[in-house]
Every structure is written in C-alpha cells, then in structure tokens.
Amino acid sequence: MKNAFIAALVGVAVAVAAAPVITSEQIDPEINAKIRAEAENNSQIMRTMHYLTDVHGPRLTGSPNFKAAAEWTVKQMTEWGFKNGKLEPWDFVNADQSPRQGWLNERFAGHIIAPVKDSLVGEIVAWTPSTKGTVVADAVHLVPPTRPTQPELDAWIKDITPKIKGQIVLVGAHTAVRVNVTPPALRRNDDDLRRQMDPDAPPSEAGRGGRGGRGAGGAGRGGEPPDPTRLTPQAVNTAMNALMLSAGVAVRLNDAGRDHGQIRAFQNNTYDVTKAPPTVVLRNEDYGRISRILDNGTPVRLEFTIVNQSFPAGKSFNAVAEIPGTDKADEVVMLGGHLDSWHSATGATDNAIGCAVMMEAARILQAIGVKPRRTIRVALWGGEEQGLLGSKAYVKEHFGTAENPKPAFSKFNGYFNVDSGTGRIRGASVFGPPEAGTVLREIFKPFEDLGVMGALSTNSRRSGGTDSTSFNEAGLPGIGLSQDPIEYQTYTWHTNLDTYERIIEEDVKKSAAAIASALYHLAMRDEMLPRFSKENMPAPPAPPGPARGGSGQR
Ligand SMILES: [Zn+2]
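Quick summary incoming for the structure in this document. All residue numbers refer to position in the chain's written sequence, counted from 1. Confidence filtering applies because this is a predicted model: local features only for residues at pLDDT of at least 70, side-chain atom pairs given and counted only at 80 or more, and all residues used for totals across whole chains, interfaces and linings. Side-chain descriptors were evaluated using all non-hydrogen atoms of the structure, hydrogens and water having been removed beforehand.

### Focus: helix 9 (residues 284-295)
For an α-helix, the turn length of 3.6 residues means that residues three or four places apart are oriented alike.
For step 1, the next point in the chain: Only DSSP runs of H or I with at least four residues qualify as helices, and only runs of E with at least two residues qualify as strands; both kinds are numbered from the N terminus onward. In this analysis, the expected span of each helix is defined as 1.5 Å times one less than the number of residues it contains. Over its twelve residues, helix 9 runs 16 Å from end to end, which matches the ideal 16 Å to within 8%, given 1.5 Å per residue.
For step 2, the next point in the chain: Exposed residues in this analysis have more than 50% of their type's maximum accessible area, buried residues have under 20%, and partly exposed residues fall in between, with area computed by a 1.4 Å probe over protein chains only. Listing the buried residues of helix 9 in full gives N284, D286, Y287, G288, I290, S291, I293 and L294.
For step 3, the next point in the chain: Just beyond helix 9, the residue with positive phi is G297, at close to 95 degrees.

Here it is, written out as structure tokens:
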C-alpha cells in the first residue's frame, strides 16, 4: 500500500456523497451467523500467514520466493474446493520493454572492525550487486551538495573521487530522529468514523478532516517552482551511484533515518545490478555511530559480505481461483490483495495479511456450503510495489476500460481490496454512484458490532496507493477497505519489522467475516452492484505530468 491512498479513502469518498438513496438490501441473518461461526471457530488465516511469511517470504516480485508463494496459494485454494486456480503471467519489464530480472538477497553480514569490533544491522537495497567476497576497507563519510547545479556537482565529484577509491562510503548526513512523545492512536474513533461514513451528516470540524483532510497533499505543495538549473535529489543519487562505480567503491551505505532500528530498503531505480554498487541501508543507530567516530577524526574500518542472486525473469504472475456462480455465473465479484512484498522482512502486514484475509473470506463461503449466484474470484497480485503492475495488467487483459471495454466489463460486480495492515476493517470506499455506497452500507450494517462503520462512494479514477484503484482507473467498481492503523504506518509498513508476529488474529478474523458477508450478498442480489452508466462515467484521469511526480511510496 502506498501513502496517499489513506487520505484518499476518507477525503475523496466524502466529497462525492450525495442525497440519501433508499434501497432495501435483502440481508440473510442465518447466513451471517454461519459466516461468523466459521470465521471464529475454523479460521485458517494464521496458517495461511505462516506459509506466506515464514515459509515463502520475503516475496519480492520476480523472485523465486514470490512464485513459490503464488503456487502455494493456488494449491491451497484448490484444496479448499475452489475451481480454475492458476497463475496468470504478465510482463515484468523495464520502461524500454526489456525483461526485468528477478533478485534475491541470500546472505548479509556487516561488521565494524576498528576502532572497535561489533556487528552492524542493515538491509540490502534490491537490484544491487553482491560484494566481491568479503570486503574490508576504510569508511568515508560523504555529504553530497544539496540541489547543486551540474557544474557544482561535477566540481565536487572531481574533488572527492581520489578520496573514495576502493573504500566503503557512507552517503548523506546522519538523520537525527526525534523521540515522538505523542504517538498516534492505534485504533480509529467509532464516532468520528460513523460521521465520516454517513453521507447525510453535516460537515463537522472534528469528523471530516481525517488526517490532512479533503484535498490534502495535492497541488500547491512546496510553494515556489523548483529552479530548473538545480539537480533533483534523484539526479544527485544517480550521479552518486555512477561515481561509486567509477571509483570502485566496495560498498555504499545509506542511513535508514528511522528510530528503534527500523529500516526501509527499496530498490535501485534502474532495476539493473550493473548500474549501482553493493548498497546497504544501515540502521540509523549504526550509521550515527560510525559517522560520529569519523567526524571526530578517528579512522573506521568496516567489513561486509553480501551475496545476492539474479534470476531470468521478464514475467511475473497473479494467482487466481474461483467459486463458480450458478444462474449468474458470467457475472463476477472479485476480492484480493497484493502477494508481493518488499524484501527486508517477510511482508506480513504488507500484504500477506490482505491475501490471507481474502482467501479466508472466500473459504468461509465455500466451507458453509453456499452456492453463490455470481462467480466469486480471488486474485492475489504481483508487482504492486513496483506500481500496481499485476492488477493493471489483469484489468487491461480481462476488462479493458469504460472507453474501450471488453465483454466482461459490463458483467463486473466489484473488487474488494485489503492492503493497510493488520487492523480490522472499519469502512469501505466504492468507485461508483451514491447508490453503490448505499448498497455496501446496508450490507455491512450487521457488522457494525465488529467495527465496520459504513461505506461511501467515490468518483475518482486516479490510480495509486493500492490495487483497487487499478479497477477505479478503468471505470470499474474497486472497493477499498479502510482499517484501524495499529502499527502500520509507524512500524511495519515496508520495514524490516514486518513479520508474522505483528498480526492481531482477533482483528483479521473479524475482517474476514465482514468481507465474506459482503461478498455473499453482492453475489446473491437480484441486481448488479450499481455502477456509473456510460453517460455519467467520470472522465479518465489525465496522464501524470512530469511535475506531479508519481509513486508516493516513500
Ligand atoms: Zn501494500
């Protein structure tokens, strides 16, 4: 899951809520009772989590771990009785369409060997190379100029090159991380949520803003336009990698810049191991210790061993399986999450748990023996962390867009997505007219005691954040589920701490029960989930311009 999405779930959804629409959903209390009992008494979520995290994690897109995890999910769903389980390949390629390789870190050890001896804690940047065996060298601390012009950077590089030849180089000033004396709440407030999820509630100062409020984070950030003669941080970073390679630097070290040993390690942006030196993100505490010793005039000697593997790729996969429908089998209700993770932990909260909850929601329906009228399809995506690649490829292949639809486009009844960690689900945002929000609100109503406070509609087709927006972008009803934050943004999201231990079983069992019920009722109702007609379909978003920047992931 990416950053901007959380604000969007609250902000955008509120913006399009309109006058109340009276519908009357047929809710089956007997089925709901069976769903709750199966979710509570026979839950498979933690078993699924064990296989996805302990056994197969981390699941970086393109790695053998990812493929093994995807194969395991298909095998498991087939054993549960789902049909048509398979891996669907899609092209994992670079901007120039060349195949992108897979990558895996196998071994890492880092030590300070002088003036003291101790081990170091770090994570490897993905798609960077191995060290040449175990390397020992002096540490050099470089702080590149901020927003230099090209001539300024060239002069700095010329000056610095002789000092770093063959050494281990710390790049960037040490980040002083302040102690947070006002930690954010782990759960969302019931009353605030109820107000946010009520399309008829008058705007209130407390209720509506959420974090940042409506329209936060959009245009207008940063004030003055950037000086085009000055290089961006990304351009300086690329120049640093080129410098390190030409100077034969043994290892590049970056500062994690987070407290309590948390490390977020992403990728070399070229996805090409020949374009970067071996690179380690050191925990802030080790980076600080080394840089302070150096700054005090004492030489530091370091030792690193890094073994990475590359794999022929060019393909990744989505894992899908179905519970076939009956009289409306050609209509489909989908649910899923992304199966890929970052590589510095086993990717439990981002997003093995989204997959495990969705597999469970469908399993519950299979186990209690219902015969859904519409086909229920679970899809577990690859490539989300590299830009929603798997879900975008799937939507394109199977549904097309509102402007260029395939036959299945008109038969689509919604895609539920979980991708915000372990917190129980608290509400939903569906791409569609207000009536779609009303349907979901009524379907979720019996689960208010488990914390689900409602649903709203949104008309935003902008993709980003997570895989439900790949559906929204095409003009299809993606359903994003919002959750209690727990430790997601603060500790586990994209960090080395994202493990099985961070899952709250009570929360995820509740989420699975509520989703199973919503899924069932959408699969059974006489009419399709209300959707935008051709005439009132919002226009597709303009392609992002260069000034907008894109990923929002950091
Ligand atoms: Zn995610």
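The rest of the description comes next.
### Comments concerning the sheet that holds strand 5 (residues 134-142)
For step 1, the next point in the chain: In this scheme, strands are said to pair when DSSP sees at least two bridges between them. Ordered by their spatial adjacency, eight strands build an open sheet running 3-2-9-5-6-7-8-4, and the pairing between neighbours is mixed. Edge positions in the sheet fall to strand 3 (118-119) and strand 4 (122-124), since each of these pairs with one other strand and no more.
For step 2, the next point in the chain: Both strand 6 (residues 168-171) and strand 7 (residues 251-255) contribute to a ladder of three bridges, which runs parallel. Within strand 7, the residue paired with I168 across the bridge is V251.
For step 3, the next point in the chain: Contacts between helix 5 (residues 150-164) and the sheet are confined to strand 5 and strand 6, with strand 5 contributing the most and set at about 145 degrees to the helix.
For step 4, the next point in the chain: Residue contacts follow a heavy-atom distance rule, with two residues in contact if any of their heavy atoms lie within 4.5 Å. All axes here are fitted lines through C-alpha atoms, helices being fitted over the stretch that makes contact, and every angle between N-to-C directions spans 0 to 180 degrees. Together, strand 5, strand 6 and strand 7 form the strand contacts of helix 8 (residues 233-246), whose direction differs from that of strand 7 by roughly 150 degrees.

### Overview of the packing of aromatic side chains
What characterises a pair of aromatic rings is the spacing of the ring centres plus the angle enclosed by the ring planes.
For step 1, the next point in the chain: By convention, a stacked pair of Phe, Tyr or Trp rings (six-membered ring in the case of Trp) has centres within 6.5 Å and planes under 30 degrees apart, an edge-to-face pair has planes over 60 apart, and any other such pair is tilted. Tallied over the entire structure, the rule returns 17 aromatic pairs.
For step 2, the next point in the chain: The interplanar angle of 20 degrees and the centroid separation of 6.2 Å between the aromatic rings of F108 and F304 together place this pair among those described as stacked. A residue pair is termed long-range when its members are at least 10 positions apart, and F108 in strand 2 (residues 102-114) and F304 in strand 9 (residues 301-311) qualify at 196 residues.
For step 3, the next point in the chain: As a reminder, the over-ring test applies to NZ of lysine and CZ of arginine, requiring each to be within 6 Å of the ring centre and within 35 degrees of the ring normal. If you follow R100 out to its NZ or CZ, it ends over the ring of Y271, 3.4 Å from the centre.
For step 4, the next point in the chain: Taking the ring centre of F409 as reference, the NZ or CZ of R531 above it sits at 4.9 Å.

### Comments concerning the pattern of salt bridges
For step 1, the next point in the chain: Salt bridges, as used here, are contacts in which a Lys or Arg side-chain nitrogen is within 4 Å of a carboxyl oxygen on Asp or Glu. Scanning all chains against the criterion turns up 34 salt bridges.
For step 2, the next point in the chain: Between D118 and R289 there is a salt bridge; the shortest N-O distance is 2.9 Å. Here R289 lies in helix 9 and D118 lies in strand 3, a separation of 171 residues in the sequence.
For step 3, the next point in the chain: By relative accessible area, which is 35% here, D118 ends up partly exposed.
For step 4, the next point in the chain: Residue R289 is classed as partly exposed on the basis of its relative accessible area, which comes to 31%.
For step 5, the next point in the chain: Residue D330 is joined to K411 by a salt bridge in which the shortest nitrogen-to-oxygen separation is 3.0 Å. A residue pair is termed long-range when its members are at least 10 positions apart, and D330 in strand 11 (residues 328-338) and K411 in the loop between helix 11 (389-398) and strand 13 (412-417) qualify at 81 residues.

### Thoughts on the environment of V280
For step 1, the next point in the chain: Mapped onto the elements of the fold, V280 is located in strand 8 (residues 279-282).
For step 2, the next point in the chain: With relative accessibility at 0%, the residue V280 sits in the buried group.
For step 3, the next point in the chain: Separated by 24 residues in the primary sequence, V280 and A256 place their C-alpha atoms 9.4 Å from one another.
For step 4, the next point in the chain: Not counting residues up to four positions away in its chain, the partners in contact with V280 are F108, G122, E123, I124, V251, R252, L253, N254, F304 and I306.

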